[in-house]
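Structural features, examined
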Amino acid sequence: PFGLKLPSRPLSPFEPCLRCAMSLETYWVRLRDGDENIRRDRDLILEAVRDEGVTLQFACQELRADREVVTAAVEEDPEAIEFADEALLADKDLLSFVVGK
């Protein structure tokens, strides 16, 4: 997808990092520019927040209130908590987890 082709030769030590960076950008762009169906795709959102927690900001409100999605996001980046639904901000266990990170 997105016109990217995997190399047919062995990767240098730096190329996996480059591919990972392109993957993160792809999540960011797909979610930022995506329609509501993409923003409601729980599997895609979980993948994205596990790689880049702050992509939680592009999730639909329902997924921002999903404890598993938010936990995955803050595990990757505690600052993602700012994009969580207000109801989860009252969750003492989740907040303790974030503070402990």
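Whatever comes next refers back to the structure up there.
Source: prediction; values computed, not measured.

Here we come to the environment of D85. Its location among the elements puts D85 in the loop between helix 5 (67-76) and helix 6 (86-89). Under the relative-accessibility criterion, D85 is labelled buried at 17%. In contact with D85, other than residues within four places in its own chain, are Q61, R64 and A65. A polar contact of 2.7 Å, which involves the side chain of D85, links it to the side chain of Q61.

Bringing helix 5 into the picture now. All of the buried residues in helix 5 are V69, V70, T71, A72, A73 and V74. Its buried side turned inward, helix 5 meets helix 3 (42-51), helix 4 (61-64), helix 6 and helix 7 (92-100). N-capping of helix 5 is provided by D66, with a side-chain oxygen placed 2.9 Å from the backbone N of E68.

Running from N to C, helix 3 and helix 5 point in directions that differ by 20 degrees, and their axes come no closer than 7 Å. Of the possible angle classes, the one that applies to helix 3 and helix 5 is roughly parallel. Crossing angle aside, the handedness with which helix 3 passes helix 5 is left-handed. Counting all contacts with helix 3, which are made through R42, I45, L46, V49, R50 and D51, the residues of helix 5 involved are E68, V69, A72, A73 and E76. Among the residues forming the contact of helix 3 with helix 5, the class breakdown is 6 nonpolar, no polar and 5 charged.

Conventions adopted
Residues numbered from 1 in each chain as written. Predicted model: local features only at pLDDT ≥ 70, side-chain atom pairs only at ≥ 80, totals over all residues. Heavy atoms only, no water. Helix = DSSP H or I, 4+ residues; strand = E, 2+ residues; numbered from the N terminus. Buried < 20%, exposed > 50% of the residue type's maximum accessible area, 1.4 Å probe, protein only. Contact = heavy atoms within 4.5 Å. Polar contact = N/O pair within 3.5 Å; in protein donor to acceptor, adjacent residues only side chain to side chain. Axes fitted to C-alpha atoms, helices over the stretch in contact; angles between N-to-C directions. Parallel < 35°, antiparallel > 145°, perpendicular 65-115°, else oblique. Left-handed = near helix turned anticlockwise from the far one by under 90°. Nonpolar A, V, L, I, M, F, W, Y, C, P; charged D, E, K, R; others polar.

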